[in-house]
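Spelled out, the chains give:
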Amino acid sequence: MISDGSFRLDGKLALVTGASRGIGYSLSKELAARGAHVIAVARTVGGLEELDDEIRGAGGTATLVPLDLTDMPAIDRLGGSIHERWGKLDILVANAGILGTISPIGHVEAKVFDKLMAINVSSVWRLIRTTDPLLKFSDAGRAILLSSGVAHTARAFWGPYAASKAAVEVMARTWAEESRQTRLRINSVNPGATRTAMRAQAMPGEDPETLPTPAEVAAKIALLCDPALDATGRLYDVRSDKLLSYNDPS
């Protein structure tokens, strides 16, 4: 267990990408329920509006940011807007991502590969770059970057997606090393198989009822936002509820 879960986030500001559905949607609700004001980022306006209704209905608050993460200059501007309005950021959750094509790596179309890398890797780097100074203004900055188990298994036919998540983990580890002398804590997350649209796309024959819901997974990921958490540069495995350390290949 990484936290007893009793912490509150009153007065904290949390930015969540991919907030219009799945884990991002549920995590936004979870953070808002703990008192954070959530900046919810997604391309789908309808999903954001539904999220806003649920957060406000439960007594929370949110700011909606319709944004296509392939628009890199817009990501840069987002950091500037947060600085102008709030002057800091307490929590970053880089959750948005796409699956791409499940196929032999040599058969993947260039446009599919390029879009996947733009959303899964380049947009995360732009988020890191634009939020790093804001998170360091926080008294307990937390950054959570969503990864996947395939980042380590080199699973056949999953090459581009796996490579993108491996890249995200390396960026998280590097950022954590660079920030060790600050109060910012940065960790990656392997959520495991979850009852989401992306999982259904990847595994169309799977019974979704056998998988944990996004709300169940989000409740665990939220524990990484605990202001008392000291771990950084680690990988949180949701299924085992463990913070894992990285080791050199053997």
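Definitions and cut-offs
- Residues numbered from 1 in each chain as written.
- Predicted model: local features only at pLDDT ≥ 70, side-chain atom pairs only at ≥ 80, totals over all residues.
- Heavy atoms only, no water.
- Helix = DSSP H or I, 4+ residues; strand = E, 2+ residues; numbered from the N terminus.
- Rg over C-alpha atoms; globule rule 2.2 N^0.38 Å.
- Buried < 20%, exposed > 50% of the residue type's maximum accessible area, 1.4 Å probe, protein only.
- Areas by Shrake-Rupley, 256 points an atom, 1.4 Å probe, with all protein chains shown as cover.
- Polar contact = N/O pair within 3.5 Å; in protein donor to acceptor, adjacent residues only side chain to side chain.
- Contact = heavy atoms within 4.5 Å.
- Pairing = 2+ DSSP bridges.
- Right-handed = clockwise from strand over helix to strand, strands pointing away.
- Phe/Tyr/Trp six-rings, centres within 6.5 Å; stacked < 30°, edge-to-face > 60°.
- Lys NZ or Arg CZ within 6 Å of the ring centre and 35° of its normal.
- Axes fitted to C-alpha atoms, helices over the stretch in contact; angles between N-to-C directions.

A. Inspection of the overall build of the protein chain at higher detail. The helix and strand inventory of the protein chain stands at 8 helices and 8 strands. Taken against the 2.2 N^0.38 rule, which gives 18 Å for 250 residues, the C-alpha radius of gyration of the protein chain at 17 Å falls within 12% of a compact globule. A total of 250 residues make up the protein chain; the buried ones form 52% of that total. Carbon together with sulfur atoms contributes 51% to the accessible area of the protein chain, which is approximately 11,500 Å² in total.

B. Spatial organisation of the side chain of Ser 147. By the secondary structure assignment, Ser 147 is in the loop between β5 (142-146) and α5 (150-153). In this structure Ser 147 comes out as buried when scored by relative accessible area, which is 3%. Looking at Ser 147, its side chain comes within polar contact range of the side chain of Glu 169, at 2.5 Å. When near neighbours in sequence (up to four residues on either side) are disregarded, Ser 147 contacts Lys 165, Glu 169, Val 189 and Pro 191.

C. Representation of the pairing of strand β4 (residues 91-94) in the model. Burial along β4 is two-sided: Ile 91 and Val 93 and Leu 92 and Ala 94, pointing in opposite directions, are all buried. The pairing of β4 with β5 spans 4 bridges and is classified as parallel. Each residue of the ladder has a partner; that of Leu 92, found in β5, is Ala 143. In the classification by handedness, the crossover that spans β4, the intervening helix α4 (residues 110-135) and the parallel β5 is right-handed.

D. Main features of unusual backbone geometry. For Ala 154, which is not a glycine, the phi torsion comes out positive at approximately 50°. By the element assignment, Ala 154 lies in the loop between α5 and α6 (159-178). Unlike most non-glycine residues, Phe 157 shows phi in positive territory, near 80°. Considering the arrangement of structural elements, one finds Phe 157 in the loop between α5 and α6. Assessed through its relative accessible area of 47%, Phe 157 is described here as partly exposed.

E. Structural context of the packing of aromatic side chains. On inspection of all chains with the given rule, the structure shows 1 aromatic pair. A centroid spacing of 6.1 Å and a plane angle of 65° characterise the contact between Trp 158 and Tyr 161, whose relative ring orientation is edge-to-face. Accessibility expressed as a relative area gives 8% for Tyr 161, which makes it buried. Its end group placed over the ring of Phe 7, Arg 34 keeps NZ or CZ at 4.3 Å from the ring centre.

F. Representation of the sheet that holds strand β6 (residues 185-190) in the model. In spatial order, the strands read β3-β2-β1-β4-β5-β6-β7-β8; together these 8 strands make up an open sheet with mixed pairing. Either end of the sheet is taken by a strand with one partner, and the two such strands are β3 (61-66) and β8 (242-244). Here the strands of the sheet are splayed against their neighbours by 20° on average, with no regard to which way each runs. Looking at chain direction, strand β2 (residues 37-42) and β3 are connected through 6 bridges and run parallel. Its bridge partner being in β3, His 37 is matched across the sheet by Thr 61. The strands touched by α4 within the sheet are β1 (13-17), β4 and β5, with β4 carrying the most contacts at an inclination of about 175°.

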